[in-house]
Amino acid sequence: MELVGTIRHDGDGGVLDDLDTLRGARRWFQQQSGVLADATSTATATGDLVVDEELRQAVVGVRRAVRALFARAVSPAPPSPADAHRLLPVDEALTLLNAAAGRVPVAPQLHWPAEGTPTAGLLSAEADPGVRVVAALARDAVDFLSGPQREHLRACRAPRCVRYFVKSHGSQAWCKPSCGNRARVARHYERTRGADGRG
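First things first, this report covers the structure right here in the doc. (Residues numbered from 1 in each chain as written. Predicted model: local features only at pLDDT ≥ 70, side-chain atom pairs only at ≥ 80, totals over all residues. Heavy atoms only, no water.)

1. Side note on the overall build of the protein chain
Here's step 1: Summing up its helical and strand segments, the protein chain has six helices and six strands in all.
Here's step 2: Sorting the 199 residues of the protein chain into buried and exposed places 37% on the buried side.
Here's step 3: When contacts within the protein chain are restricted to residue pairs at least 6 apart in sequence, long-range pairs at least 24 apart make up 55% of them. (Helix = DSSP H or I, 4+ residues; strand = E, 2+ residues; numbered from the N terminus. Buried < 20%, exposed > 50% of the residue type's maximum accessible area, 1.4 Å probe, protein only. Contact = heavy atoms within 4.5 Å.)

As structure tokens, then:
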């Protein structure tokens, strides 16, 4: 969800892309360093990561694939308006996502401290942290889209919002309370304008 959320409403009626520039991509990677280290099962996953144009493009490609598959998951409801007009075809999105996820073979590893509960992790022999990160992002998307939360995925219906979110209760239609408020204000404005037009 963090990767998909890098496309967001800018607060002024437009759309921001946190990965649109190298500077933005570097900032996003820095903000996600803990999450990415967990996802790649290595503490140095982002410490030695060089965020260059090749890595930025690879991550943007995974995001495009995931957003196309999110649009399919929320169908027949409309997808996010941010990229509804330029979604990858589903077959192309699946190919791209699966190829990215498969770039790094991983093996499950059991960790069992003397005083504690056993936990499982994945170990990769891939030396390039950029390849590990892209593969981890793709694997997380595969896990999400093949798991039970996919059924609760929604595109926010608030005016100008472009986010996807996981619905947490029965009547939730917005990604956050501010979007709900914006939607109610817009409905009130439309009703008031409609009533004024009839008078």
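Picking up after the structure, the text goes on.
2. Some thoughts on the packing of aromatic side chains
Here's step 1: Counted according to the given criterion, the structure contains three aromatic pairs.
Here's step 2: Ring pairs connect the aromatic residues Phe70, Phe144 and Tyr164, which therefore count as one cluster. (Phe/Tyr/Trp six-rings, centres within 6.5 Å; stacked < 30°, edge-to-face > 60°.)

3. Considering a negative patch on the surface
Here's step 1: Together, Asp48, Asp52, Glu54 and Asp128 line one region of the surface with negative charge.
Here's step 2: Mapped onto the secondary structure, Glu54 falls in helix α3 (residues 53-74).
Here's step 3: Residue Glu54 is classed as exposed on the basis of its relative accessible area, which comes to 64%. (Patch = residues over 30% accessible without salt bridge, like charges linked within 9 Å, V, L, I, M, F, W, Y side chains within 5 Å. Areas by Shrake-Rupley, 256 points an atom, 1.4 Å probe, with all protein chains shown as cover. Salt bridge = Lys/Arg side-chain N within 4 Å of Asp/Glu carboxyl O. Lys, Arg positive; Asp, Glu negative; His and termini not counted. Charge placed at Lys NZ, Arg CZ, Asp CG, Glu CD.)

4. Examining the environment of Arg8
Here's step 1: Looking at the element boundaries, Arg8 is found in strand β1 (residues 7-9).
Here's step 2: With 156 residues separating them in the primary sequence, Arg8 and Tyr164 have C-alpha atoms 9.6 Å apart.
Here's step 3: When near neighbours in sequence (up to four residues on either side) are disregarded, Arg8 contacts Gly14, Val15, Leu16, Asp18, Val162 and Arg163.
Here's step 4: Among the polar contacts made by the side chain of Arg8, one reaches the side chain of Asp18 at a distance of 2.9 Å. (Polar contact = N/O pair within 3.5 Å; in protein donor to acceptor, adjacent residues only side chain to side chain.)

5. Re the layout of surface pockets
Here's step 1: Within this model, the largest pocket holds a volume of roughly 260 Å³.
Here's step 2: Lining the largest pocket are 15 residues, with Met1, Glu2, Leu3, Leu137 and Asp140 positioned closest to its centre.
Here's step 3: When residues of the lining of the largest pocket are traced back to their parent elements, those giving at least two are α2 (33-40), α3 and α5 (129-145).
Here's step 4: Of the residues forming the lining of the largest pocket, the biggest block, four residues, is contributed by α5. (1 Å grid on protein atoms, 1.4 Å probe; cavity = no way out; pocket = protein on both sides within 12 Å on 5 of 7 lines; lining within 4 Å. Points joined across faces, edges and corners; volume = space filled by probe spheres on them.)

6. Re α5
Here's step 1: Spanning 17 residues, α5 covers 24 Å between terminal C-alpha atoms, matching the ideal 24 Å at 1.5 Å per step.
Here's step 2: In terms of burial, α5 is largely enclosed, as 14 of its 17 residues are buried.
Here's step 3: N-capping of α5 is provided by Asp128, with a side-chain oxygen placed 2.7 Å from the backbone N of Gly130. (Expected span 1.5 Å × (residues − 1).)

7. Topic: the packing of helix α4 (residues 90-101) against α5
Here's step 1: Two numbers describe how α4 lies on α5: the axes approach to 7 Å, and their chain directions differ by 125°. When the axis of α4 is compared with that of α5, the two are oblique. Here α4 and α5 pass one another in a crossing that is left-handed. Along the contact surface, α4 presents Leu97, Asn98, Ala100 and Ala101, while α5 presents Val134, Ala135, Ala138, Arg139, Ala141, Val142 and Leu145.
Here's step 2: Taken together, the residues of the contact of α4 with α5 break down into nine nonpolar, one polar and one charged. (Axes fitted to C-alpha atoms, helices over the stretch in contact; angles between N-to-C directions. Parallel < 35°, antiparallel > 145°, perpendicular 65-115°, else oblique. Left-handed = near helix turned anticlockwise from the far one by under 90°. Nonpolar A, V, L, I, M, F, W, Y, C, P; charged D, E, K, R; others polar.)

8. Some details on the environment of Asp140
Here's step 1: Structurally, Asp140 can be placed in helix α5.
Here's step 2: Asp140 sits 139 residues away from Met1 along the chain, and the two C-alpha atoms are 9.2 Å apart.

9. Here's the deal with the pattern of salt bridges
Here's step 1: Applying the stated criterion across every chain yields a total of five salt bridges.
Here's step 2: Between Asp83 and Arg67 there is a salt bridge, with its nearest N and O atoms 2.5 Å apart. On the criterion of sequence distance, the pair formed by Asp83 in the loop between α3 and α4 and Arg67 in helix α3 is long-range, its members being 16 residues apart. Taken as a pair, Asp83 and Arg67 share a single burial class, namely buried.
Here's step 3: Close ionic contact of Arg150 with Glu151 constitutes a salt bridge, the shortest N to O distance being 2.6 Å.
Here's step 4: For Arg150, a relative accessible area of 28% corresponds to the partly exposed category.

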